[in-house]
Each structure stands twice: as structure tokens, then as C-alpha cells.
Amino acid sequence: MAVKFTLDELIVCRAAREIRDREIVVIGQGLPMAAGILARKTHAPNALIVTEAGIVGMDPFKIPLHIADTSCCQGYAYGCDMFDVFTSILNLGYVDVAFLGVGQVDRHGNVNSSYVAAADGSRRRLTGAGGAPEFGGYAKRTVLTMRGGEFKETLDYLTTPGYLDGGDSRYRAGMPAGSGPTVLITGKAVFRFDPVTKEMVLASLHPGRSFEEVASEIPWEIRVARPLETTAPPTQKEIDIIRRLAPDISMGRSLYAEVLAARVLSILAKSQRKT
Amino acid sequence: MEAFMESDKRMTAKEAIERFVRDGDSFVIANCLTGMPLALVHELIRAGRRRLLLFQQGGIEEVDLLLAAGAIDRLVLAYNLRMGGRGASPPLERAMREGTVQVEEMTNFTLLAMLKAGAMGYPFLPVLSGLGATDVVRESGFLGRERFAWAEDPFTGQKVLVVKGYQPDFALMHVQRSDPLGNGQLWGAMINSKWAALSAKKIILSAEKIVGTEVIRSAPHLTVAPAHKVCAVVECPWGAHPSELAGHYDHDLVFRALYFASLGRPETLRAWMDEWVYGVRDRREYLDHYVDVFGSETLERLRSKPFPSAPADYGYSFRPMWDDSGRSELLGMSLADFQSFLEQRSALIQD
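Residues numbered from 1 in each chain as written. Chains lettered and ligands numbered in written order. Predicted model: local features only at pLDDT ≥ 70, side-chain atom pairs only at ≥ 80, totals over all residues. Heavy atoms only, no water.

J.: Any chance you could break down the overall build of chain B for me, citing the residues and the numbers?
T.: A tally of helices and strands in chain B yields 13 helices and 14 strands. The principal-axis extents of the C-alpha atoms in chain B amount to approximately 90 × 65 × 40 Å. For chain B, the proportion of contacts with a sequence separation of at least 24, taken over those separated by at least 6, is 71%. Carbon together with sulfur atoms contributes 52% to the accessible area of chain B, which is approximately 16200 Å² in total. The centroid of the 39 positive side-chain charges in chain B is displaced by 4 Å from the centroid of its 45 negative side-chain charges. (Helix = DSSP H or I, 4+ residues; strand = E, 2+ residues; numbered from the N terminus. Contact = heavy atoms within 4.5 Å. Areas by Shrake-Rupley, 256 points an atom, 1.4 Å probe, with all protein chains shown as cover. Lys, Arg positive; Asp, Glu negative; His and termini not counted. Charge placed at Lys NZ, Arg CZ, Asp CG, Glu CD.)

Have a look at this one:
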């Protein structure tokens, strides 16, 4: 029987496969956290999960609301602080993989999560840099996930260095040798980066997606891997794990917002009936 | 730097803001994302302070509320949650468009490094130089050149990116417990708390619970706000609501969902603030109103179950210099022997 899954489940599973056992992994809230949890419950039980809030070695039983939310786990191995994470963990080269969300991305995997220019010349502020620039700059590998963002020939703002102008420009600018984004996972496809030119290469299409619809969203001529594969779907086991631990991620943001709104209204109605 | 040495600094949030906050001050919020000092933030808004400069690591509600209230006009910022969708116009976006706030973009690490340098009394601190390739360094706001610089490593001659140290006028901080002196103890995700608190010239502290100094002294590793830096101690249960606080309560998603829903338009946010900030006198009235609107069981469901830390045993033999019979095992004599010993050896001086 064919496995049925949501788009967010597909992305989480694909992202989880970027984590290897016994790696040190920096993750943020949402999709990346679900990927980290899934990896620990499947192929990477000894991966060490770190958030920049100074939580090291967490084993969440659900998705935290944010990177400093410890209500999702009972204790953790090492409680340090944000300064420690960026210096004695990241700067010393301990971070194997960092997961970053993307607002805009260019062909060399540089990321904007700060400002998007509107048609009238004004700028809409996204969340801001947070920890992304240093993690993207200094982790050995960076996994980029993009939901609702866009491909740009020139970013409106360069928040986080990918491969800068391609080739070895990233390393000339001071980032550790060999580091950089290894994969970009979007709602439609998966991209990798050419080992020499560091240009983005379309590696796989999600089930049901066509090359044309992916290419139409990219303002340059996207290079394509041969053979162009289909993104491997989640297994039933993976889906069972995600749904048990992270149904809020499984259903995607808009469905979750809808469900949450209905809950709020019912709580309010219940409390007003009483008074 | 002024030391605050009073032995009882307990006061209300209102008194604390009135006594220690001036228009035009700079400040920092010394809890980020978790355990947020929202009771103090609400009090700052009610007090009507103006032209404040906020060093803000990462925000959920604080920045938008303070901007909507007109309390801050400068912001050194690393991250601010943006809710309400593309069509919304939350206060930060609106204030930037209308020019009522100046924003300096930093990263989490470099903002905290500015504060850590200030906390250590250093003029600057090295950060990760690769950041030089980004617009965070290349573009600057109202701090201009008083932010990043390139220095030369005196040992290797290499170029190193540094940030300037800052000491904000005050910090707002919420903790689980404090004694009346202001030894504030915090646990859970520590994120920016230590360096943000220590960077400030004074800390306005709220605590879920005021405890005796003997409790503090049995667990000194948990003290994050040392009394000499704390100018005011406010006892404030649920002082971080709707954010969570380890050992006390979970985050309140239902309450937050209503707040987020109000962010879309200035009128709806104003109505939310009229109800939850301006419409109540203090955190106690806020909680009473919460129970009226949501029911007490909604609040009770947020309460933590215990998951106590294994106690750190600070024990020793605690053997005094002179035992009950007046003898010292170390010196091999009694207190009376000690006096004659000193006399024998001509060690005593008479005036």
C-alpha cells in the first residue's frame, strides 16, 4: 500500500537524512527541530542536539515553541548560554550540521532573513539575523529549508553567507575550509551545490512536481543533476514517529493555525458560559 | 560602577520603574524568549517612559508592545518574531516605515558580545570574522561606526572583527527566586541572561518568589543577578506570563494566539493593550482578569509538575577551629593554651 504523507512530513524526513549518527547538530524551532527529533529516533540515536539558547543534548518529546523552550524535554546534558554556544562550541569547530530557515536564497546559497524589498521601494522586515550568520558561516555543513521564501538573482540583504560569489570566495572571506551549505530543501524540490563552482544544482523533485514549475520560480537558468531524481518519500515508520511527536509540524503552519484558532474560541466560549 | 548594598530592596514594580528609570535611558531585557520579564515590561509601558533605547536579543511580544506604547525610539536588535502574516503591519514594521524607531541590525552573538564586553569592562571583544562578508556588518544604522571594527591580532597580525562594548543604564530581569537583597537565581535555558544582566549599570529584578538568604546561600551556582548589581526586587508570581518559566508554568499558547491575532492592525492591538496592559493596575489585577476571561482551570493547566534538579551537596565536615571543649585539633592546643603560647613567644603587644 502506498504511504500517504504531507508536504511538511516529506521535508522533515528529507532534512533528517542530512544528520549522521554521533554528529553535533544545531537546530531551531519548527521543521528543523522535527528533523532532529526524527533523526534521533531513527538512524542517528547518538546525535547531540544543540540550540543557541545554551541547551546541549536535549531529547525533546514534542516540538518546542522556540529555541529556549525547555518545556519540550525533561532536562538536558549541558546547560550553558548563548555566548558559550557561539564560542566554545561553534568557533572551536564542534558543530557538524546547522539547520537554517530561508527568506530569500541566491544561486550560491547565500541567505536573506532580514529584509525583503517591496515593489514601492519600502522594506518588509523578516525576523532578523538571529544566530543564522554565524551558524551558516562556521558550521561544517548547513542545511537550508525554505517554505514560502523565494529565489533571487541578487538578495535584498545578505544575512548569512553561503558560498558568497562561488568558487573559494567563502573561504577567502574567513570561513572554515570545507564548510558551507550542502543542501536546500524547498516545498517542491531539493538542491545541492557544485563541489567546485559552488553553484546550486537541482538534485531531486518532490513527488508530483515538474521541472518546469520548479524552474519557473528561479530567476536564473538552474543547473540540473543527471539523473534528476524524485525525492525519496517518508517511510511509514518515519511518519508514525513524526505524527506522535510533532503533529503540529505534520499538518503544516496554516492548518495548525486553523486548529489552534478553533481551540481558542472553544476555550473562550466555555469560560464565558460559566460566568 | 554604583554598588547597591541595601539589605532589603523589595518594592512594587511601579515604585521600581518610577525610582530607577528615566526618559532617554538605554536598557536591556535579560531574559530572551523564555522567562520574559513581561510584568516589568507592562509596568514600564504604564509608567509612560519615552525615548528609551533597547538592546534586544530576541523578542516575542516585548518589542512590539514597547513600540506600540511609544516607549522606545532606538533598537539594537538581533531577532524579532514576526506574526500576523504578510498582510499584517505589526508595530516594528510600522514604526520603521514611519521613522519613529531607528533600528540597528545585529546577530544574536555579536549583540551579546557587545554586552559581554560591557559586562567585563572591556572596550571591545573579538567576534567571528566571517561575519564581515554580510550586510549585518556592511550596512549600519544609528550606531554608525560605534559597533563593528577591524582590529589587528597583536600576536599574528591577522585582521579580527571586533564589537564595541556597551553598558545599558538598566536591565529588566525575571527569575524564579531572589532574597530581599536581590540575589536573583535563575535556571532553565540561560541564553543571554548572565551577560545581559551583568552589562547593565543596575538590574530591576522581579521574582516568582522571595526566599530567605539561607536558600540562596545553599545554591550559589544559581545566582545570576548578584545583589550588588540589583537596585530593586519585585515579588511577582506569574511575572513572565505568557512565556514559560522552568519549575513554575508552561507557555500560554491560547493567550498568545489572541495577542498574535491582534497584531494585524493598530486598533486591534490597541484594544488588546487597553485590556491587558493599561486596563489593569499590576500583575495581580492582570491575573484576576485572566481568570475572569479564561477561567481558573485554564491558568491551572499551565502549572509545572516538579522535575527537581539533583541537589548539589555543598557539605564538608564543618569542623570549627575550636571544638566544643575549646580545643583545636589543627593547633593541638586549647583557646587558653593559645593565649599563654602567644605570651610565651612575645607575640603580644601592649599599648
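J.: Requested: an account of empty space enclosed by the protein, with residues and values cited.
T.: Scanning the entire structure with this criterion turns up three cavities of 30 Å³ or more. The computed volume of the largest cavity comes to approximately 70 Å³. Lining the largest cavity we find R125 and L126 of chain A together with D64, N80, L81, R82, P90, L92 and E93 of chain B. Along the lines of polarity and charge, the residues of the lining of the largest cavity split into four nonpolar, one polar and four charged. Of the pockets and cavities examined, the second largest cavity occupies roughly 40 Å³. (1 Å grid on protein atoms, 1.4 Å probe; cavity = no way out; pocket = protein on both sides within 12 Å on 5 of 7 lines; lining within 4 Å. Points joined across faces, edges and corners; volume = space filled by probe spheres on them. Nonpolar A, V, L, I, M, F, W, Y, C, P; charged D, E, K, R; others polar.)

J.: Account for the sheet that holds strand 7 (residues 111–112) of chain A, naming residues and giving values.
T.: All names here are of chain A. Read across the open sheet, the three strands follow the order 7-6-11; overall the sheet is mixed. At either margin of the open sheet sits one strand with a lone partner, and together these are strand 7 and strand 11 (150–151). By the bridge criterion, two bridges tie strand 6 (residues 104–105) to strand 7 in an arrangement that is antiparallel. Residue pairing in the sheet places Q104 in a bridge with N112 of strand 7. (Pairing = 2+ DSSP bridges.)

J.: Please give an account of the pairing of strand 14 (residues 200–205) of chain A that cites residues and values.
T.: All names here are of chain A. Taken across its six residues, strand 14 has six buried, putting it largely inside the fold. For strand 13 (residues 189–193) and strand 14, the ladder comprises five bridges, and the chain directions are antiparallel. Within strand 14, the residue paired with F191 across the bridge is L202. Where strand 14 and strand 15 (residues 223–230) come together, four bridges link them in parallel fashion. Considered in strand 15, the bridge of L205 is made with T230. (Buried < 20%, exposed > 50% of the residue type's maximum accessible area, 1.4 Å probe, protein only.)

J.: Before we move on, could you go through the confidence of the model for chain B and cite the residues and values that matter?
T.: Low-confidence regions, as indicated by low pLDDT, have predicted coordinates that should not be scrutinised in detail. When pLDDT is averaged along chain B, the result is 96, and 99% of the positions lie at 70 or above. Here the complex is predicted with pTM 0.96, and the ipTM for its interfaces comes to 0.95. (pLDDT = per-residue confidence, 0-100.)

J.: Describe the environment of E153 of chain A, with residues and values.
T.: Residue and element names in this part refer to chain A. Summarising the element assignment, E153 is placed in the loop between strand 11 and helix 5 (169–172). E153 gets classed as partly exposed once you look at its relative accessible area, which sits at 41%. For the pair E153 and H108, spaced 45 residues apart in sequence, the C-alpha separation works out to 9.7 Å. Look past the residues within four positions of E153 in its chain and what remains in contact with it is D106, R107, P219 and W220. Separated by 2.9 Å, the side chains of E153 and R107 make a polar contact. (Polar contact = N/O pair within 3.5 Å; in protein donor to acceptor, adjacent residues only side chain to side chain.)

J.: Quick rundown of the packing of aromatic side chains? Include the residues and the values.
T.: Enumeration over the complete set of coordinates arrives at 24 aromatic pairs over all chains. A centroid spacing of 5.0 Å and a plane angle of 65° characterise the contact between Y259 of chain B and W272 of chain B, whose relative ring orientation is edge-to-face. Taken together, the positions of Y259 of chain B in helix 9 (residues 253–262) and W272 of chain B in helix 10 (residues 266–278) put the pair 13 residues apart, joining distant regions of the chain. In this structure, Y259 of chain B and W272 of chain B share a single accessibility class: buried. Look at W276 of chain B and Y286 of chain B: their rings are 5.6 Å apart centre to centre, the planes differ by 70°, and that puts the pair in the edge-to-face class. With W276 of chain B in helix 10 and Y286 of chain B in helix 11 (residues 283–294), this residue pair connects regions lying ten residues apart in the sequence. Using a relative accessible area of 3% as the deciding quantity, one classes W276 of chain B as buried. Grouping aromatic residues by their ring pairs yields a cluster made of F255, Y259, F260, W272, W276, Y286, Y290 and F294 of chain B. Over the ring of Y115 of chain A we find R123 of chain A; its NZ or CZ atom is 4.0 Å from the centre of that ring. The side chain of R283 of chain B reaches across the aromatic face of Y286 of chain B, ending 3.8 Å from its centre. (Phe/Tyr/Trp six-rings, centres within 6.5 Å; stacked < 30°, edge-to-face > 60°. Lys NZ or Arg CZ within 6 Å of the ring centre and 35° of its normal.)

J.: Can you break down a nonpolar patch on the surface residue by residue, with the values?
T.: A cluster of nonpolar side chains, namely M321, L330 and L331 of chain B, defines an oily patch on the protein surface of about 320 Å² accessible area. As for its placement among the helices and strands, M321 of chain B is situated in the loop between helix 12 (296–300) and strand 13 (327–328). (Patch = residues over 30% accessible without salt bridge, like charges linked within 9 Å, V, L, I, M, F, W, Y side chains within 5 Å. Salt bridge = Lys/Arg side-chain N within 4 Å of Asp/Glu carboxyl O.)

J.: So what's going on with helix 11 of chain B? Which residues, and what values?
T.: Residues and elements named next belong to chain B. When the terminal C-alpha atoms of helix 11 are compared, their 16 Å separation across twelve residues agrees well with the 16 Å that a helix rising 1.5 Å per residue should span. Every buried residue of helix 11 is accounted for by R283, Y286, L287, Y290, V293 and F294. Viewed end-on, helix 11 has its buried residues packed into an arc of 125°, placing them on one side of the element. Relative to its buried face, helix 11 has exposed residues pointing more than 90 degrees away, namely R284 and D292. (Expected span 1.5 Å × (residues − 1). Arc of directions from axis to C-beta.)

J.: I'd love a proper account of the interface of chain A and chain B, names of residues and values included.
T.: With 51 residues of chain A in contact, the opposing surface of chain B contributes 56 residues. Together chain A and chain B conceal approximately 4400 Å² of surface at their shared face, both sides included; 63% is due to carbon and sulfur atoms. Together, M82, F83 and R125 of chain A form the three largest contributors to the area buried by chain A at its contact with chain B, with a combined 16%. The interface formed by chain A and chain B holds two salt bridges in total. Linking chain A to chain B there are 20 residue pairs in polar contact (both at pLDDT 80 or more). Counting residues per element, the ones that place at least two in the side of chain A that touches chain B are helix 3 (82–91), strand 9 (123–125), helix 4 (132–138) and helix 9 (253–274) of chain A. Top contributing element to the side of chain A that touches chain B by residue count: helix 9 of chain A, with seven residues. (Buried area = accessible area lost by both parts, 1.4 Å probe.)

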